[in-house]
Amino acid sequence: QVQLVESGGGLVQAGGSLRLSCVVSGSTNYIIAIGWYRQAPGKQRELVAVISSGGTTNYAESVKGRFTISRDNNKNAVYLQMNSLKLDDTAVYYCNAVVSGDDGNEYDYWGQGTQVTVSS
């Protein structure tokens, strides 16, 4: 079992910055990757950025060069630094962990989400 708690969302003007945090607890030794997803009203949830247990990162094309995912193993936290925010970045942002189970399967765990609103 893994628990994820996001924070850091809010209202920001276009061009501004926010940093989201995801604090992870539970069976952290079995985490394969942690990612940030977002879901805007009327749209499907989409992957924004992911960082593997080995430190490899991947980003959606729409955020490359603007967002940075990082982690602090000492604090069991993953961060999403969002710069040059655009109106289209408005969404609920979710932290996700992919965890390896004892049965060899992979399981998804989700945080409760944090709202990011970018205004003009």
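Here is a short report on the structure shown in this document. (Residues numbered from 1 in each chain as written. Predicted model: local features only at pLDDT ≥ 70, side-chain atom pairs only at ≥ 80, totals over all residues. Heavy atoms only, no water.)

Two strands pair when backbone bridges link them, and strand E4 (residues 31–39) and strand E9 (residues 91–100) are joined in this way by eight bridges, in the antiparallel orientation. Bridge assignment links Ala33 to a residue of E9, and that residue is Val98. With six bridges joining them, E4 and strand E5 (residues 46–52) adopt antiparallel strand pairing. Bridge pairing in E5 places Gly35 opposite Val50. Linking E4 to E5, which pair antiparallel, is a turn of six residues; within it Gly42 sits at a positive phi near 80 degrees. (Pairing = 2+ DSSP bridges. Helix = DSSP H or I, 4+ residues; strand = E, 2+ residues; numbered from the N terminus.)

Turning our eyes to something else, we now look at the state of the cysteines. Here, the word disulfide means a covalent bond between the sulfur atoms of two cysteines. The tally for this structure, following the rule as stated, stands at one disulfide. There is a disulfide in this structure between Cys22 and Cys95, and the S-S distance comes to 2.1 Å. With the S-S bond torsion at -85 degrees, the cross-link from Cys22 to Cys95 turns out left-handed. Note that Cys22 is positioned in strand E3 (residues 18–26) and Cys95 in strand E9, a separation of 73 residues in sequence. The exposure class assigned to Cys95 is buried, which follows from its relative accessible area of 0%. (Disulfide = S-S within 2.5 Å. Buried < 20%, exposed > 50% of the residue type's maximum accessible area, 1.4 Å probe, protein only.)

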